[in-house]
Amino acid sequence: MKRRDLWLLAAGALSAGPGVAMAQSTATIDQSGTGLSAAVAQGQHPGQSVTIEQIGSAGGVDVAQDAPHAAVDITLTGDALRADIVQQGDALAAVTLAMEGSDGTVGVRQSGAPGGSNIASIWQSGQANSALVTQQADAGAANHIGLLQDGIGNIAMLTQTGAGNALDVTQQGNDNLAAIDQIGTGLILQILQEGGASIGITQTGSR
């Protein structure tokens, strides 16, 4: 699945949510392999959904969410892949995650205020890649984070706080490191790393 497909899935889940008043929360888990685990906890907010597909061995998924119409869609294919998703607060939130390979880890933390929204789309392929994505939404336009990791030993730590911010990071090759923090309104940043690169950026303000 290409990254653009992930963006469309996440944005679609988010936009579809509020149209269903007081919808029942749902969870679907499909596993094929050995030593797989998945745990889902959903709170009292309406219309929450979780879809998990795991194929492989020794993988684990934990999802905890309590946010209005929060949506999580996870596909893991490979060995020792782990995902930990937490969505809470009063902002709308959506995560679409696809992982393939081995020994990869992804953590997502999303929260925010009423009238805000967060979208995270992550595609990870290879071995021993790791990512931590954190978004805190203020009221206003949605925050978006898109991450593509393809290689070995890539690390991404991505944080956004505010409204209408967009961060797009691509890591290809091996041993890239990105630590990015955006705080404000309407900030946009695109990063491409192609092997052995290291970057740290903090961007604040509005545009």
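Placed above this text is the structure.
Position labels on residues start from 1 in each chain and follow its written sequence. The predicted nature of this model means local features are confined to residues of pLDDT at least 70 and side-chain atom pairs, given and counted, to a pLDDT of 80 or more, with totals for whole chains, interfaces and linings taken over all residues. Heavy atoms from the whole structure form the basis of all side-chain values; hydrogens and water molecules are not counted.

Student: Quick question: what am I supposed to make of the environment of Leu147 here?
Tutor: For the purposes of this entry, the term helix denotes a DSSP run of H or I that reaches at least four residues, the term strand denotes a run of E that reaches at least two, and both are numbered from the N terminus. Among the structural elements, Leu147 can be located in strand β11 (residues 143-152). Remark: exposure states derive from per-residue accessible area (1.4 Å probe, protein chains only) relative to the maximum for the residue type, with buried under 20%, exposed over 50%, and partly exposed in between. A relative accessible area of 0% places Leu147 in the buried class. In sequence terms Leu147 and Leu167 are 20 residues apart; their C-alpha atoms lie 8.3 Å from each other. Beyond its immediate chain neighbours, meaning those up to four positions away, Leu147 contacts Ser121, Ile122, Trp123, Ala131, Ala156, Leu158, Val169 and Gln171. In this analysis, two residues are considered to be in contact whenever any of their non-hydrogen atoms come within 4.5 Å of each other.

Student: In this structure, what is going on with unusual backbone geometry? I would like to understand it.
Tutor: Backbone geometry follows two general trends: most residues other than glycine have a negative phi, and most peptide bonds adopt the trans configuration. Non-glycine residue His69 carries a positive phi angle of around 55°. The residue His69 is located in the loop between β4 (60-66) and β5 (71-79) in this model. Unusually for a residue other than glycine, Asp175 sits at a positive phi of about 60°. Residue placement: Asp175 occurs in the loop between β13 (166-174) and β14 (177-185). On the basis of relative accessibility, which here comes to 53%, the residue Asp175 falls in the exposed class.

Student: Help me understand the environment of Arg109 in this model?
Tutor: Mapped onto the secondary structure, Arg109 falls in strand β8 (residues 105-112). Spatially, the C-alpha atoms of Arg109 and Gln135 are 6.4 Å apart, while their sequence positions differ by 26 residues. Apart from residues lying up to four places away in sequence, Arg109 is in contact with Asp84, Ile85, Val86, Val133, Thr134 and Gln135. In this structure the side chain of Arg109 is engaged in a polar contact, spanning 2.9 Å, whose partner is the side chain of Asp84. Whenever a nitrogen or oxygen atom comes within 3.5 Å of another N or O atom, the pair is scored as a polar contact, on the condition that within protein one atom can donate a hydrogen and the other can accept it, and that pairs from neighbouring residues in sequence are kept only if both atoms are in side chains.

Student: I tried to follow the pattern of salt bridges on my own but got confused; where do I start?
Tutor: Oppositely charged side chains may form a pair once their charged atoms are brought near each other. We define a salt bridge as a contact between a side-chain nitrogen of Lys or Arg and a carboxyl oxygen of Asp or Glu at a distance within 4 Å. Under the criterion given, the structure shown has one salt bridge. Between Asp84 and Arg109 there is a salt bridge, and its shortest N-O distance comes to 2.9 Å. Note that Asp84 is positioned in strand β6 (residues 82-88) and Arg109 in strand β8, a separation of 25 residues in sequence. For Asp84, a relative accessible area of 31% gives the class partly exposed.

Student: I'm lost on a nonpolar patch on the surface in this one. Help?
Tutor: Patch membership is restricted to residues that have no salt bridge and whose relative accessible area is over 30%. Joining uses 9 Å for like charges and 5 Å for the nonpolar side chains Val, Leu, Ile, Met, Phe, Trp and Tyr. Computed by Shrake-Rupley with a 1.4 Å probe, the accessible areas treat only the displayed protein chains as cover when residues are assessed. Taken together, Leu132, Ile155, Met157 and Leu177 make up a surface patch of nonpolar side chains, about 300 Å² in accessible area. Turning to its location among the elements, Leu177 is positioned in strand β14. The class of Leu177 is partly exposed, set by a relative accessible area of 30%.

Student: Looking at this structure, how should I read the nonpolar core?
Tutor: For soluble globular proteins, nonpolar side chains are generally found buried alongside one another. By nonpolar core we mean a set of buried residues, namely Ala, Val, Leu, Ile, Met, Phe, Trp, Tyr and Cys, connected to one another through side-chain atoms within 4.5 Å. Val63, Ile74, Leu97, Val108 and Leu158 are the most contacted members of the largest nonpolar core, which has 29 residues in total. In contact with Leu97, not counting residues within four places along its chain, are Asp73, Ile74, Thr75, Ala83, Val106 and Ile122.

Student: Before we go on, may I ask you to explain the sheet that holds strand β15 (residues 188-193) in this structure?
Tutor: Think of a sheet as strands paired side by side through backbone hydrogen bonds, with each pair either parallel or antiparallel. Paired strands, in this sense, are two strands between which DSSP finds at least two bridges. Pairing in this open sheet of eight strands is parallel, and the strands run β1-β3-β5-β7-β9-β11-β13-β15 from one edge to the other. Pairing within the sheet leaves two strands with one partner each, and these edge strands are β1 (26-34) and β15. Strand-to-strand twist in this sheet, taken as the mean axis angle between neighbours without regard to direction, amounts to 0°. Summarising the sheet, strand β7 (residues 92-102) and strand β9 (residues 117-127) pair through eleven bridges and their orientation is parallel. Each bridged residue has a counterpart across the sheet, and for Val95 the counterpart in β9 is Ala120. Structural elements are reduced to axes, namely lines fitted to C-alpha atoms, with helices fitted over the stretch in contact, and the angle between N-to-C directions of any two is expressed from 0 to 180 degrees.

Student: Explain the pairing of β6 here, please?
Tutor: One face of the sheet, then the other: side chains in a regular strand alternate in exactly this way. Going residue by residue along β6, you find Ala83, Ile85 and Gln87 tucked away on one face and Arg82, Asp84, Val86 and Gln88 left uncovered on the opposite face. One ladder, built from seven bridges, connects β4 with β6; its direction is parallel. Bridge pairing links Asp62 to Asp84 in β6. Summarising the sheet, β6 and β8 pair through six bridges and their orientation is parallel. From the neighbouring strand, Ile85 faces β8, where its bridge partner is Val108.

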